[in-house]
Amino acid sequence: MAIVIQPYRQEHESAVQDFNRRLQGSSGDPNFVFSQSAVPRWLPPGANNPVWNEFFVAVDGPSVRGAYALKQEVIFVRGKGLHRIACYHHPLSEGIVDRSFASVGALLARDALLQQPLLYALGMGGMERSIAKMLKALGFSLTPIPFYFRVLNPAKFLREMQALRTEPWRATLMDFAAATGAGWLAIRSAQAAASLRSRSPNAGANFVVEDGVEFSGWADELWTQAKETVSFATVRDANTLRLLYPPDFASNIASTRQLRISRNGSAIGWAIIGQRRKDPKFGEMRVGSIVDCWASTENASAVIQAATQALERDGVDLIVSNQSHHVWCGAFEKAGFPKGPSTFIFAASKKLTELLQPLQENPASFHITRADGDGLPVNF
Amino acid sequence: MAAGTFDEVRAIASDILGVPATRLSGSSSPDTVENWDSVQHLNLVLALEEKFGLQLSPEEIDQMKTLGSTAQLIETKLQSSPR
């Protein structure tokens, strides 16, 4: 029977559960799971919503053999105004565990491009992953988004950072460094050096931080003031931000907090911070994330300082973030965040790449963060 | 099916899958060829489209279960819209 891609409806939910069981049973990977609900929990479609998620399933008679999600959103492109685009995320194919369905991955990606030629994907875990290779084959341009990290608990970092402890000799060396304090000294020195290299006399200070302030007119003003400083960004006006981070978001979907940063009584920026879910590659560490941020360029450092201090007070062991814009990258470096290897990839379809020309040649002026794409709610 | 079409499809598959053409037959499929995963399947689709100057629909991509069925599909499409 031919595989047909359809919008995910309630009648498909039990077949999706069976699909998830087959993927997880054969792969043993708990991440291979598609939404069991046809209605997205985060960003459900709604009348006049500027941003929403929609799901599609590859139906093969009574079975589902694949699925993907599109996050429909609006972008600002400097000099070209607003455009509706979509993020292709969570593609899952039965071909992962059964080669008989090797065609499903191609069907999903092509269907997404038919739905929205202005398409992008974000994250993907690196250039070598299948999804990145498929998108490259389809003509997408791939750009890594810089990764920044700051170690707050060096001893725990050295003991728990599983991704670095791949060889026995390396694990032993890291244990030794943790026990003797040599690792603490080395990590603190590296972070201090990163901070000193990029420190400027105006590195932000004298700010007030408020927690949990609803996005309203003040956020619209910040969006308007700062959008011309970036060449490309998904819209971050108050209406969109209230949908991205609804009041029940922290309690029901992901453990994030929104910070408003002010100076002399006026809002100068905002940041979304949170603690990442447990991940084997981070061991038992509490990992904080600066998920999203917005401000005029002169206030970027103050926003990153405020977000870093808030996560320090929360007692996290490590803070991570992905940022593309050179001003925000500089703000992270001023705050003592070294740059690490990135597996967070921005992939733009041919049509989107054309729209972004000639800006695509300078992705350091894009504003892309961990909150873009499918970055939320679980993968920030 | 004309042998010529099958040979052309097999040559393309051999190139993409990194398998000698002599080891590919009409019954070769993702189940029997180790390198034939979802990425290579997409590469095969794109290469066939470019080589034969045609566009494969989702339904047609889904019909590409074996090399033989793929060659048959290409031949049918070529006959319905000659180059």
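Predicted, not measured: the structure shown is a model, and the values here were computed from it. (Residues numbered from 1 in each chain as written. Chains lettered and ligands numbered in written order. Predicted model: local features only at pLDDT ≥ 70, side-chain atom pairs only at ≥ 80, totals over all residues.)

With that settled, the discussion passes to the overall build of chain B. For chain B, the count of helices and strands is 4 helices and 0 strands. Reading the helices (α) and strands (β) of chain B from amino to carboxyl end gives α-α-α-α. Relative to a compact globule of 83 residues, whose C-alpha radius of gyration would be 12 Å, chain B shows 12 Å and is just as compact. Along the longest, intermediate and shortest principal axes, the C-alpha atoms of chain B span 35 × 25 × 20 Å. Of all intrachain contacts in chain B linking residues separated by at least 6 positions in sequence, the fraction that spans at least 24 positions is 58%. (Helix = DSSP H or I, 4+ residues; strand = E, 2+ residues; numbered from the N terminus. Rg over C-alpha atoms; globule rule 2.2 N^0.38 Å. Contact = placed C-beta atoms within 7 Å.)

Residue and element names in this part refer to chain A. Here chain A is described as being made up of domain 1 (4-116) and domain 2 (147-341). Facing 13 residues of domain 1, the contacting portion of domain 2 comprises 13 residues. It is strand β3 (residues 63-77) that contributes the most residues to the side of domain 1 that touches domain 2, 5 residues altogether. Within the side of domain 1 that touches domain 2, the residues separate by chemical class into 9 nonpolar, 1 polar and 3 charged. (Domains from an automatic or database assignment. Nonpolar A, V, L, I, M, F, W, Y, C, P; charged D, E, K, R; others polar.)

Within the secondary structure, F32 of chain A sits in the loop between α1 (13-27) and β2 (52-60). Residue F32 of chain A is classed as partly exposed on the basis of its 18 C-beta neighbours within 10 Å. (Buried ≥ 20, exposed ≤ 12 C-beta atoms within 10 Å, placed from the backbone.)

What follows deals with the interface of chain A and chain B. The interface of chain A with chain B comprises 19 residues on the first partner and 16 residues on the second. Elements with a contribution of two residues or more to the side of chain A that touches chain B: α2 (103-115) and α3 (130-137) of chain A. Counting residues per element, the side of chain A that touches chain B draws most heavily on α2 of chain A, at 7 residues.

Residues and elements named next belong to chain B. The topology assignment puts A13 in helix α1 (residues 3-17). Note on A13: 25 C-beta atoms within 10 Å, which makes it buried. A C-alpha to C-alpha distance of 9.7 Å links A13 and V45, two positions 32 residues apart in sequence. Look past the residues within four positions of A13 in its chain and what remains in contact with it is L24, L44 and L67.

Residues and elements named next belong to chain A. In this structure, V57, A58, A67, Y120, A121, L135 and A347 are the most contacted members of the largest nonpolar core, which totals 79 residues. Counting contributing residues per domain, this core is built from domain 1 (4-116) and domain 2 (147-341), each supplying no fewer than three. Here A121 is in contact with C87, Y88, H89, I131, L135, A347 and G373, once residues within four sequence places are set aside. In terms of nonpolar packing, the next biggest core, distinct from the first, is built from 49 residues, V51, F157, W223 and F337 among them. (Core = buried A, V, L, I, M, F, W, Y, C linked by C-beta atoms within 7 Å.)

With that settled, consider the confidence of the model for chain B. Mean pLDDT over chain B works out to 91, with 94% of the residues at or above the 70 mark. Predicted complex metrics record ipTM = 0.81 and pTM = 0.87. (pLDDT = per-residue confidence, 0-100.)

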